[in-house]
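The chain contents come next:
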Amino acid sequence: MSATTTDPPSRTSTEPPEFSFARTARTARTARAGRRGWRLLYPIVAFVLLIAIWELVKALVPANGVSIGNQRVLPRTSDGALPHSWAVLTVLGERDGKTTVGATLLRTAGFTLELALLALALGAVVGVALAVLMQRFSWVERGLLPYVIVSQTVPLIALAPLVAGWGGKIVIAGRPWQPWMSIVVIASYLVFFPVAIGTLRGLQSPARASVELLHSCAAGWWATLIHLRLPAAVPHILPALRLGAAAAVIGCVVAEISTGTAGGIGRQIIVFSQQSTGNAARLYAAVIAAALLGVVLTGLVSLAEVLLRRYARPGHTAGAAR
(Lines give C-alpha, C1' and ligand atoms only; values in the text may rest on other atoms or scores of the structure.)
Protein backbone atom coordinates (compact mmCIF):
# COMPACT_ATOMS: atom_id res chain seq x y z
CA MET A 1 0.00 0.00 0.00
CA SER A 2 1.65 3.15 -1.19
CA ALA A 3 1.27 6.49 0.53
CA THR A 4 0.37 9.44 -1.60
CA THR A 5 1.66 12.93 -0.75
CA THR A 6 -0.12 16.10 -1.57
CA ASP A 7 1.49 19.58 -1.73
CA PRO A 8 0.16 22.13 0.71
CA PRO A 9 -2.07 24.69 -0.86
CA SER A 10 -0.20 27.84 -1.88
CA ARG A 11 -0.91 30.95 0.13
CA THR A 12 -2.02 33.97 -1.77
CA SER A 13 -1.73 37.45 -0.40
CA THR A 14 -5.05 38.78 0.79
CA GLU A 15 -3.66 42.18 1.83
CA PRO A 16 -5.93 44.99 0.64
CA PRO A 17 -4.35 47.35 -1.94
CA GLU A 18 -4.69 50.35 0.36
CA PHE A 19 -2.47 48.65 2.98
CA SER A 20 0.22 47.99 0.38
CA PHE A 21 0.06 51.60 -0.75
CA ALA A 22 0.35 52.85 2.85
CA ARG A 23 3.39 50.65 3.45
CA THR A 24 5.05 51.96 0.28
CA ALA A 25 4.31 55.53 1.33
CA ARG A 26 5.86 54.94 4.77
CA THR A 27 8.96 53.47 3.14
CA ALA A 28 9.26 56.50 0.86
CA ARG A 29 8.88 58.90 3.79
CA THR A 30 11.55 57.04 5.74
CA ALA A 31 13.92 57.21 2.77
CA ARG A 32 13.31 60.95 2.36
CA ALA A 33 13.91 61.54 6.07
CA GLY A 34 17.17 59.62 5.83
CA ARG A 35 18.31 61.73 2.88
CA ARG A 36 17.44 64.93 4.75
CA GLY A 37 19.45 63.73 7.73
CA TRP A 38 22.49 63.10 5.57
CA ARG A 39 22.14 66.55 3.97
CA LEU A 40 22.17 68.13 7.42
CA LEU A 41 25.21 66.06 8.37
CA TYR A 42 27.34 67.20 5.43
CA PRO A 43 27.82 70.83 6.64
CA ILE A 44 28.73 69.58 10.11
CA VAL A 45 31.36 67.22 8.70
CA ALA A 46 32.72 70.01 6.48
CA PHE A 47 32.98 72.33 9.51
CA VAL A 48 34.86 69.70 11.53
CA LEU A 49 37.26 69.14 8.63
CA LEU A 50 37.83 72.89 8.35
CA ILE A 51 38.71 73.16 12.04
CA ALA A 52 41.02 70.12 11.74
CA ILE A 53 42.86 71.66 8.77
CA TRP A 54 43.07 74.98 10.63
CA GLU A 55 44.73 73.37 13.65
CA LEU A 56 46.94 71.18 11.44
CA VAL A 57 48.31 74.23 9.66
CA LYS A 58 48.80 75.94 13.02
CA ALA A 59 50.76 72.94 14.33
CA LEU A 60 52.92 72.15 11.29
CA VAL A 61 53.71 75.51 9.69
CA PRO A 62 56.40 77.57 11.50
CA ALA A 63 55.29 80.73 13.28
CA ASN A 64 57.15 82.91 10.76
CA GLY A 65 55.82 80.97 7.79
CA VAL A 66 57.88 79.39 5.03
CA SER A 67 59.83 81.42 2.50
CA ILE A 68 61.81 80.40 -0.56
CA GLY A 69 64.35 83.11 -1.18
CA ASN A 70 62.50 86.39 -0.71
CA GLN A 71 59.12 84.92 -1.62
CA ARG A 72 56.78 83.76 1.14
CA VAL A 73 54.96 80.57 0.11
CA LEU A 74 53.21 79.74 3.41
CA PRO A 75 51.69 82.36 5.74
CA ARG A 76 52.73 83.09 9.29
CA THR A 77 50.93 81.08 11.96
CA SER A 78 51.68 83.15 15.06
CA ASP A 79 48.77 84.19 17.27
CA GLY A 80 48.88 87.62 15.68
CA ALA A 81 48.23 86.09 12.24
CA LEU A 82 46.44 82.76 12.86
CA PRO A 83 44.99 82.19 16.34
CA HIS A 84 43.79 78.81 17.56
CA SER A 85 40.19 77.95 16.74
CA TRP A 86 39.26 77.77 20.42
CA ALA A 87 40.78 81.24 20.95
CA VAL A 88 38.28 82.63 18.47
CA LEU A 89 35.49 81.03 20.48
CA THR A 90 36.69 82.14 23.91
CA VAL A 91 37.29 85.72 22.77
CA LEU A 92 33.52 86.17 22.51
CA GLY A 93 33.36 86.43 26.30
CA GLU A 94 36.05 89.12 26.58
CA ARG A 95 35.11 92.65 27.53
CA ASP A 96 34.64 95.19 24.74
CA GLY A 97 33.86 98.47 26.37
CA LYS A 98 30.65 98.15 28.36
CA THR A 99 29.70 94.84 26.73
CA THR A 100 31.43 91.70 25.53
CA VAL A 101 32.89 90.93 22.12
CA GLY A 102 30.07 88.47 21.45
CA ALA A 103 27.41 91.07 22.28
CA THR A 104 29.12 93.61 20.03
CA LEU A 105 29.23 91.17 17.14
CA LEU A 106 25.60 90.20 17.68
CA ARG A 107 24.50 93.84 17.64
CA THR A 108 26.51 94.82 14.56
CA ALA A 109 25.57 91.62 12.73
CA GLY A 110 21.90 92.32 13.37
CA PHE A 111 22.27 95.81 11.87
CA THR A 112 23.98 94.43 8.77
CA LEU A 113 21.39 91.64 8.45
CA GLU A 114 18.58 94.20 8.35
CA LEU A 115 20.34 96.14 5.60
CA ALA A 116 21.06 92.93 3.69
CA LEU A 117 17.37 91.96 3.81
CA LEU A 118 16.40 95.36 2.43
CA ALA A 119 19.07 95.07 -0.27
CA LEU A 120 17.87 91.59 -1.20
CA ALA A 121 14.28 92.81 -1.50
CA LEU A 122 15.23 95.88 -3.54
CA GLY A 123 17.58 93.94 -5.82
CA ALA A 124 15.00 91.18 -6.32
CA VAL A 125 12.28 93.66 -7.30
CA VAL A 126 14.56 95.46 -9.76
CA GLY A 127 15.89 92.17 -11.18
CA VAL A 128 12.44 90.64 -11.71
CA ALA A 129 11.13 93.87 -13.25
CA LEU A 130 14.05 94.03 -15.71
CA ALA A 131 13.60 90.36 -16.59
CA VAL A 132 9.89 90.80 -17.31
CA LEU A 133 10.64 93.85 -19.43
CA MET A 134 13.33 92.03 -21.41
CA GLN A 135 11.09 89.02 -21.93
CA ARG A 136 8.22 91.20 -23.14
CA PHE A 137 10.23 93.20 -25.66
CA SER A 138 13.02 91.49 -27.58
CA TRP A 139 14.58 94.82 -28.54
CA VAL A 140 14.88 95.72 -24.83
CA GLU A 141 16.70 92.43 -24.18
CA ARG A 142 19.10 93.00 -27.08
CA GLY A 143 19.80 96.55 -25.98
CA LEU A 144 19.79 96.20 -22.19
CA LEU A 145 21.23 92.75 -21.44
CA PRO A 146 24.82 93.62 -22.47
CA TYR A 147 24.80 96.59 -20.09
CA VAL A 148 23.38 94.44 -17.29
CA ILE A 149 26.34 92.11 -17.73
CA VAL A 150 28.90 94.90 -18.03
CA SER A 151 27.54 96.54 -14.87
CA GLN A 152 29.04 93.74 -12.79
CA THR A 153 32.57 94.60 -13.95
CA VAL A 154 32.51 97.91 -12.06
CA PRO A 155 34.46 97.54 -8.76
CA LEU A 156 32.09 97.92 -5.85
CA ILE A 157 34.70 99.69 -3.75
CA ALA A 158 34.87 102.41 -6.42
CA LEU A 159 31.08 102.66 -6.75
CA ALA A 160 30.42 103.04 -3.01
CA PRO A 161 31.81 106.58 -2.55
CA LEU A 162 29.91 107.77 -5.65
CA VAL A 163 26.58 106.44 -4.37
CA ALA A 164 27.22 107.93 -0.93
CA GLY A 165 28.04 111.30 -2.52
CA TRP A 166 24.98 111.31 -4.77
CA GLY A 167 22.75 110.20 -1.92
CA GLY A 168 23.81 113.17 0.19
CA LYS A 169 22.05 115.46 -2.29
CA ILE A 170 18.75 113.56 -2.31
CA VAL A 171 15.74 114.44 -0.14
CA ILE A 172 12.85 111.95 0.05
CA ALA A 173 9.51 113.24 1.39
CA GLY A 174 11.27 116.09 3.12
CA ARG A 175 13.75 113.79 4.84
CA PRO A 176 17.46 113.79 4.01
CA TRP A 177 19.21 110.73 2.63
CA GLN A 178 20.50 108.47 5.39
CA PRO A 179 23.89 106.68 5.24
CA TRP A 180 22.25 103.26 5.58
CA MET A 181 20.26 103.94 2.42
CA SER A 182 23.50 104.16 0.44
CA ILE A 183 24.53 100.76 1.81
CA VAL A 184 21.21 99.21 0.72
CA VAL A 185 21.53 100.66 -2.79
CA ILE A 186 25.14 99.50 -3.15
CA ALA A 187 24.35 95.98 -1.95
CA SER A 188 21.25 95.72 -4.16
CA TYR A 189 23.54 96.51 -7.10
CA LEU A 190 25.10 93.08 -6.59
CA VAL A 191 21.76 91.37 -6.00
CA PHE A 192 19.83 92.42 -9.09
CA PHE A 193 22.21 90.79 -11.60
CA PRO A 194 21.73 87.08 -10.70
CA VAL A 195 18.02 87.65 -10.12
CA ALA A 196 17.56 89.35 -13.49
CA ILE A 197 19.48 86.69 -15.41
CA GLY A 198 17.84 83.77 -13.58
CA THR A 199 14.34 85.19 -13.93
CA LEU A 200 14.83 85.93 -17.63
CA ARG A 201 16.01 82.37 -18.19
CA GLY A 202 12.94 81.07 -16.34
CA LEU A 203 10.46 83.29 -18.15
CA GLN A 204 11.78 81.99 -21.47
CA SER A 205 11.72 78.34 -20.36
CA PRO A 206 8.11 77.27 -21.16
CA ALA A 207 7.77 75.17 -24.29
CA ARG A 208 6.41 76.85 -27.40
CA ALA A 209 3.48 74.44 -27.44
CA SER A 210 2.44 75.56 -23.93
CA VAL A 211 2.55 79.21 -24.92
CA GLU A 212 0.55 78.58 -28.09
CA LEU A 213 -2.01 76.59 -26.10
CA LEU A 214 -2.70 79.59 -23.85
CA HIS A 215 -2.85 81.89 -26.86
CA SER A 216 -5.42 79.57 -28.48
CA CYS A 217 -7.54 80.02 -25.34
CA ALA A 218 -7.47 83.81 -25.91
CA ALA A 219 -4.97 84.37 -23.09
CA GLY A 220 -3.07 87.62 -23.47
CA TRP A 221 0.49 88.41 -22.50
CA TRP A 222 -0.41 89.21 -18.88
CA ALA A 223 -2.42 86.02 -18.37
CA THR A 224 0.38 83.97 -19.94
CA LEU A 225 2.88 85.63 -17.64
CA ILE A 226 0.86 84.93 -14.50
CA HIS A 227 -0.33 81.41 -15.25
CA LEU A 228 2.60 79.99 -17.23
CA ARG A 229 5.81 81.98 -17.31
CA LEU A 230 6.12 82.98 -13.65
CA PRO A 231 5.38 79.47 -12.29
CA ALA A 232 7.90 78.05 -14.77
CA ALA A 233 10.46 80.65 -13.66
CA VAL A 234 10.29 79.74 -9.96
CA PRO A 235 12.93 76.95 -10.16
CA HIS A 236 15.26 79.48 -11.82
CA ILE A 237 14.47 82.38 -9.48
CA LEU A 238 15.13 80.50 -6.23
CA PRO A 239 18.81 79.63 -6.98
CA ALA A 240 19.27 83.22 -8.16
CA LEU A 241 17.89 84.48 -4.85
CA ARG A 242 20.34 82.26 -2.96
CA LEU A 243 23.20 83.84 -4.89
CA GLY A 244 21.66 87.24 -4.30
CA ALA A 245 21.44 86.62 -0.55
CA ALA A 246 25.17 85.95 -0.33
CA ALA A 247 25.87 88.93 -2.59
CA ALA A 248 23.71 91.16 -0.38
CA VAL A 249 25.83 90.39 2.69
CA ILE A 250 29.06 90.93 0.74
CA GLY A 251 27.76 94.21 -0.64
CA CYS A 252 26.71 95.47 2.79
CA VAL A 253 30.06 94.61 4.38
CA VAL A 254 32.05 96.23 1.56
CA ALA A 255 29.78 99.29 1.54
CA GLU A 256 30.11 99.75 5.30
CA ILE A 257 33.89 99.60 5.01
CA SER A 258 34.03 101.86 1.95
CA THR A 259 31.67 104.53 3.24
CA GLY A 260 32.85 104.38 6.86
CA THR A 261 29.30 103.79 8.15
CA ALA A 262 29.35 102.74 11.80
CA GLY A 263 27.06 100.21 13.44
CA GLY A 264 27.55 97.27 11.07
CA ILE A 265 29.75 94.21 11.00
CA GLY A 266 31.86 95.67 8.18
CA ARG A 267 32.97 98.63 10.26
CA GLN A 268 33.51 96.33 13.24
CA ILE A 269 35.96 94.27 11.17
CA ILE A 270 38.04 97.42 10.65
CA VAL A 271 37.91 98.24 14.37
CA PHE A 272 39.03 94.76 15.41
CA SER A 273 41.74 94.69 12.73
CA GLN A 274 43.27 97.75 14.35
CA GLN A 275 43.29 95.89 17.68
CA SER A 276 44.84 92.67 16.33
CA THR A 277 48.52 93.54 16.68
CA GLY A 278 49.18 90.76 19.19
CA ASN A 279 46.13 88.50 18.85
CA ALA A 280 43.88 88.29 15.80
CA ALA A 281 41.14 86.31 17.53
CA ARG A 282 38.72 89.25 17.55
CA LEU A 283 39.30 89.90 13.86
CA TYR A 284 38.67 86.25 12.99
CA ALA A 285 35.52 86.25 15.12
CA ALA A 286 34.19 89.27 13.22
CA VAL A 287 34.98 87.71 9.83
CA ILE A 288 33.29 84.44 10.82
CA ALA A 289 30.26 86.40 12.06
CA ALA A 290 30.03 88.11 8.66
CA ALA A 291 30.21 84.72 6.93
CA LEU A 292 27.45 83.36 9.16
CA LEU A 293 25.24 86.25 8.07
CA GLY A 294 25.34 84.87 4.55
CA VAL A 295 24.34 81.46 5.87
CA VAL A 296 21.43 82.95 7.82
CA LEU A 297 20.15 84.98 4.87
CA THR A 298 20.48 82.02 2.51
CA GLY A 299 18.54 79.93 5.04
CA LEU A 300 15.73 82.49 4.99
CA VAL A 301 15.59 82.19 1.21
CA SER A 302 15.38 78.40 1.61
CA LEU A 303 12.17 78.91 3.58
CA ALA A 304 10.67 80.40 0.43
CA GLU A 305 11.60 77.19 -1.39
CA VAL A 306 9.51 75.24 1.12
CA LEU A 307 6.52 77.48 0.44
CA LEU A 308 7.02 77.15 -3.33
CA ARG A 309 7.90 73.45 -3.40
CA ARG A 310 5.04 72.72 -5.80
CA TYR A 311 7.09 74.57 -8.43
CA ALA A 312 10.39 72.99 -7.35
CA ARG A 313 10.93 70.91 -10.50
CA PRO A 314 11.58 72.80 -13.71
CA GLY A 315 9.49 71.67 -16.62
CA HIS A 316 10.61 70.76 -20.10
CA THR A 317 12.03 73.64 -22.07
CA ALA A 318 11.94 74.01 -25.79
CA GLY A 319 12.43 77.58 -26.93
CA ALA A 320 9.25 79.38 -26.04
CA ALA A 321 7.65 81.96 -28.25
CA ARG A 322 7.41 85.49 -26.98
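Not measured: the values here are computed from a predicted model.

Draft legend 1. Local environment of the overall build of the protein chain. Of the regular secondary structure elements, the protein chain holds 10 helices and 6 strands. By residue count, 34% of the 322 residues in the protein chain fall in the buried class. Total accessible area on the protein chain is roughly 19,800 Å²; 67% of this is exposed by carbon and sulfur atoms.

Draft legend 2. Up close: the packing of helix 3 (residues 101-136) against helix 6 (residues 179-203). Remark: helix 3 packs on helix 6, axes separated minimally by 5 Å, with the N-to-C direction vectors making an angle of 40°. Between helix 3 and helix 6, the crossing angle belongs to the class labelled oblique. You can see that helix 3 and helix 6 cross each other, and the crossing is right-handed. Class assignment of the residues belonging to the contact of helix 3 with helix 6 gives a composition of 23 nonpolar, 5 polar and no charged.

Draft legend 3. How the structure looks around the packing of aromatic side chains. Going through the model one piece at a time under the given rule, you end up with 4 aromatic pairs. Judged by centre distance (5.7 Å) and plane angle (40°), the rings of W54 and Y284 are tilted. Here W54, found in helix 1 (residues 17-60), pairs with Y284, found in helix 10 (residues 281-307); they are 230 residues apart in sequence, far enough to count as distant. You can call W54 buried: its relative accessible area is 14%. You can call Y284 partly exposed: its relative accessible area is 25%.

Draft legend 4. Main features of the nonpolar core. In terms of nonpolar packing, the biggest core is built from 57 residues, with L105, L120, L241, A248, I265 and L297 touching the most fellow members. Among the elements of the structure, helix 2 (85-90), helix 3, helix 4 (138-150), helix 5 (156-167), helix 6, helix 8 (221-259), helix 9 (265-274) and helix 10 are those that each provide at least two residues to this core. When residues in this core are grouped by element, the largest group, 12 residues, is from helix 8. Residues contacting L241, with those up to four places away along its chain left out, are L120, A124, V195 and V301.

Draft legend 5. How the structure looks around the side chain of S151. Checked against the element boundaries, S151 lands in the loop between helix 4 and helix 5. There is a polar contact of 2.5 Å between the side chain of S151 and the backbone oxygen of V148. Contact partners of S151, with chain neighbours within four places excluded, come to Y189 and F192.

Draft legend 6. Up close: the confidence of the model for the protein chain. Looking at the protein chain, the pLDDT average stands at 82 and 84% of residues meet or exceed 70. The secondary-structure element of the protein chain with the lowest mean pLDDT is helix 1, recorded at 73, while helix 3 shows the highest, at 93. Contacts of residues 315-320 to residues separated by more than four positions or lying in other chains number 15 contacts, the stretch itself having pLDDT below 50.

Draft legend 7. Expanded view of the packing of helix 6 against helix 8. One way to put it is that helix 6 packs onto helix 8 with a least axis distance of 6 Å and a crossing angle of 155°. One element, helix 6, and the other, helix 8, form an angle in the roughly antiparallel class. Considering the relative orientation of helix 6 and helix 8, their crossing is right-handed. Here the contact of helix 6 with helix 8 is built from residues that sort into 20 nonpolar, 7 polar and 3 charged.

Cut-off values and rules
Residues numbered from 1 in each chain as written. Predicted model: local features only at pLDDT ≥ 70, side-chain atom pairs only at ≥ 80, totals over all residues. Heavy atoms only, no water. Helix = DSSP H or I, 4+ residues; strand = E, 2+ residues; numbered from the N terminus. Buried < 20%, exposed > 50% of the residue type's maximum accessible area, 1.4 Å probe, protein only. Areas by Shrake-Rupley, 256 points an atom, 1.4 Å probe, with all protein chains shown as cover. Axes fitted to C-alpha atoms, helices over the stretch in contact; angles between N-to-C directions. Parallel < 35°, antiparallel > 145°, perpendicular 65-115°, else oblique. Left-handed = near helix turned anticlockwise from the far one by under 90°. Nonpolar A, V, L, I, M, F, W, Y, C, P; charged D, E, K, R; others polar. Phe/Tyr/Trp six-rings, centres within 6.5 Å; stacked < 30°, edge-to-face > 60°. Core = buried A, V, L, I, M, F, W, Y, C linked by side-chain atoms within 4.5 Å. Contact = heavy atoms within 4.5 Å. Polar contact = N/O pair within 3.5 Å; in protein donor to acceptor, adjacent residues only side chain to side chain. pLDDT = per-residue confidence, 0-100.

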